[in-house]
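Tertiary structure, described
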Amino acid sequence: IVVGPTPDNTYAVYVALRDIYTSANNKFGVDLVGAGGCHVNGGSLWGDLAAWHLGNILDGPNHDAGDHKVIGVDTNANATYGAGYFIETGGGVYIGQPKGGQGLNHIKLYPTGSSGNLVVDGGSLETCTGISADINCQVPWERVAFTGVSFGVPSAAIAVRNVAGTRNASGVPNLKDFAITGCITTSGTLSPIYDIGSVFNFSV
């Protein structure tokens, strides 16, 4: 499923997908290429590279087309290199009550678009082969929060890459605020449960 852009090359806004089921035969289950405010409710998304991909391509790399919500969705991806959620651009993303199955990562946040925020609320992220939530903010990113999530993974539950870049050479890391609240974790012995690198404000 590909969402946007519209025929006049602007963003498709407020698209709702309900009880969608996709297979692993495609690169992405849902691919947002020119969209804002997309809601996905229920169903099961599979994709080889990602089950849900935020890769908005309009307006260059530093754009914000967020306000996306994914609620009550099961995700699976290729266990060697895939991700349940692959977020490459800016804007707000809310993930509620996820059920994360196979993949290298459940959530891969590698944004090239700034002014974004990510909230993951509740649900269960299990059985991925690598880091459950792999975060590498190569551009300024405002807020990330995990609340009441159950992690069951063989590696780290959450890792924030220790990146060299800072906001306009200010010394402030690209990831500004990060919070983990009320999460339950069962992780393997190969990594820390939370492996936190470059963050400005951080709390557990």
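If you're wondering where the values come from, they're calculated on a predicted model, not measured in any experiment.

Comments concerning the overall build of the chain
- Scanning the chain for helices and strands turns up zero helices and 23 strands.
- Taken over the C-alpha trace, the chain has a radius of gyration of 16 Å; the compact-globule value for 204 residues is 17 Å, and the two agree within 12%.
- Each principal axis of the C-alpha atoms in the chain carries an extent, and together these give about 45 × 40 × 25 Å.
- Across the 204 residues of the chain, 50% fall into the buried class.
- For the chain, the share of sequence-separated contacts (at least 6 apart) that also reach a separation of at least 24 residues comes to 70%.
- Carbon and sulfur atoms provide 52% of the accessible area of the chain, an area that totals close to 8,500 Å².
- When the 9 positive and 15 negative side-chain charges of the chain are each reduced to one mean point, those points stand 3 Å apart.

Structural notes on the pairing of strand S11 (residues 92-96)
- Of all five residues making up S11, four are buried, and the element is well covered by its neighbours.
- Judged from the four bridges that link them, strand S8 (residues 68-71) and S11 form a sheet pairing that is parallel. Residue isoleucine 71 lies in a different strand from S11, and its bridge partner there is glycine 96.
- Pairing geometry for S11 and strand S14 (residues 117-121), over five bridges, is parallel. Its bridge partner lying in S14, glycine 92 is registered against asparagine 117.

Section: the nonpolar core
- Membership of the largest hydrophobic core comes to 40 residues, with the highest contact counts inside it found for Trp52, Ile135, Phe146 and Phe178.
- Each residue touching tryptophan 52, except ones within four places of it in the same chain, is listed here: Val30, Leu32, Val40, Leu45, His68, Val70, Gly84, Tyr85, Phe86, Ile87 and Val93.
- Within the second largest apolar cluster, five residues are counted, among which are Phe28, Ala83, Phe86 and Tyr110.

Concerning the sheet that holds strand S4 (residues 28-32)
- Within the open sheet, the eight strands sit side by side as S1-S4-S7-S10-S13-S16-S19-S22. Their pairing is parallel. Bordering the open sheet on either side are strand S1 (2-3) and strand S22 (194-196), each of which pairs with just one other strand.
- Looking at chain direction, S1 and S4 are connected through two bridges and run parallel. Bridging across to S4, valine 2 finds its partner in aspartate 31.

Brief notes about the packing of aromatic side chains
- Here the structure, examined in full by the defined rule, presents four aromatic pairs.
- Here phenylalanine 146 and phenylalanine 151 contribute two aromatic rings whose centre-to-centre distance is 6.1 Å and whose plane-to-plane angle is 50°, an arrangement assigned as tilted.
- What makes phenylalanine 151 buried here is its relative accessible area of 2%.
- Here a set of aromatic residues connected by ring pairs shows up, and it is made of Phe146, Phe151, Phe178 and Phe202.
- If you follow lysine 108 out to its NZ or CZ, it ends over the ring of phenylalanine 86, 5.2 Å from the centre.
- For lysine 108, the ring lying beneath its charged end belongs to tyrosine 110, and the centroid distance is 4.8 Å.

Considerations on the side chain of asparagine 174
- One can find asparagine 174 in the loop between strand S19 (158-160) and strand S20 (175-181).
- A polar atom in the side chain of asparagine 174 sits 3.1 Å from the backbone oxygen of cysteine 137.

Cut-off values and rules
Every chain begins its residue count from 1, and numbering advances along the sequence as written. For a predicted model such as this one, the threshold for reporting local features is a pLDDT of at least 70, and the threshold for listing and counting side-chain atom pairs is 80 or more; totals across whole chains, interfaces and linings nevertheless cover every residue. Where side-chain values are given, they derive from all heavy atoms of the structure, hydrogens and water being excluded. Secondary structure follows DSSP: runs of H or I at least 4 residues long count as helices, runs of E at least 2 residues long count as strands, and numbering of each begins at the N terminus. Throughout, the radius of gyration refers to the C-alpha atoms, and the reference size of a globule is 2.2 Å times the residue count to the power 0.38. Summary of the burial criterion: residues with accessible area below 20% of their type's maximum are buried, those above 50% are exposed, and those between are partly exposed, where the area comes from a 1.4 Å probe applied to protein chains only. Whether two residues are in contact is decided by their heavy atoms, any of which lying within 4.5 Å being enough. For every accessible area listed, the method is Shrake-Rupley and the probe measures 1.4 Å; residues are considered covered only by the protein chains on display. By the counting scheme adopted, Arg and Lys are positive, Glu and Asp are negative, and His together with the chain ends is not counted. In this description, the location of a charge corresponds to atom NZ of lysine, CZ of arginine, CG of aspartate or CD of glutamate. A pair of strands is treated as paired once DSSP finds two or more bridges between them. To define a nonpolar core, start from buried Ala, Val, Leu, Ile, Met, Phe, Trp, Tyr and Cys residues and group those joined through side-chain atoms within 4.5 Å. Note on ring pairs: Phe, Tyr and Trp rings are taken, using the six-membered ring of Trp, and paired if centres are within 6.5 Å. Classes follow the plane angle, with under 30 degrees stacked, over 60 edge-to-face and the rest tilted. Each ring is checked for a lysine NZ or an arginine CZ that lies within 6 Å of its centre and within 35 degrees of its normal; such an atom marks a charge sitting over the ring. Here a polar contact is recorded for every N or O atom pair within 3.5 Å, except that within protein the pair must consist of a potential hydrogen donor and a potential acceptor, and residues adjacent in sequence are included only if both atoms are side-chain atoms.

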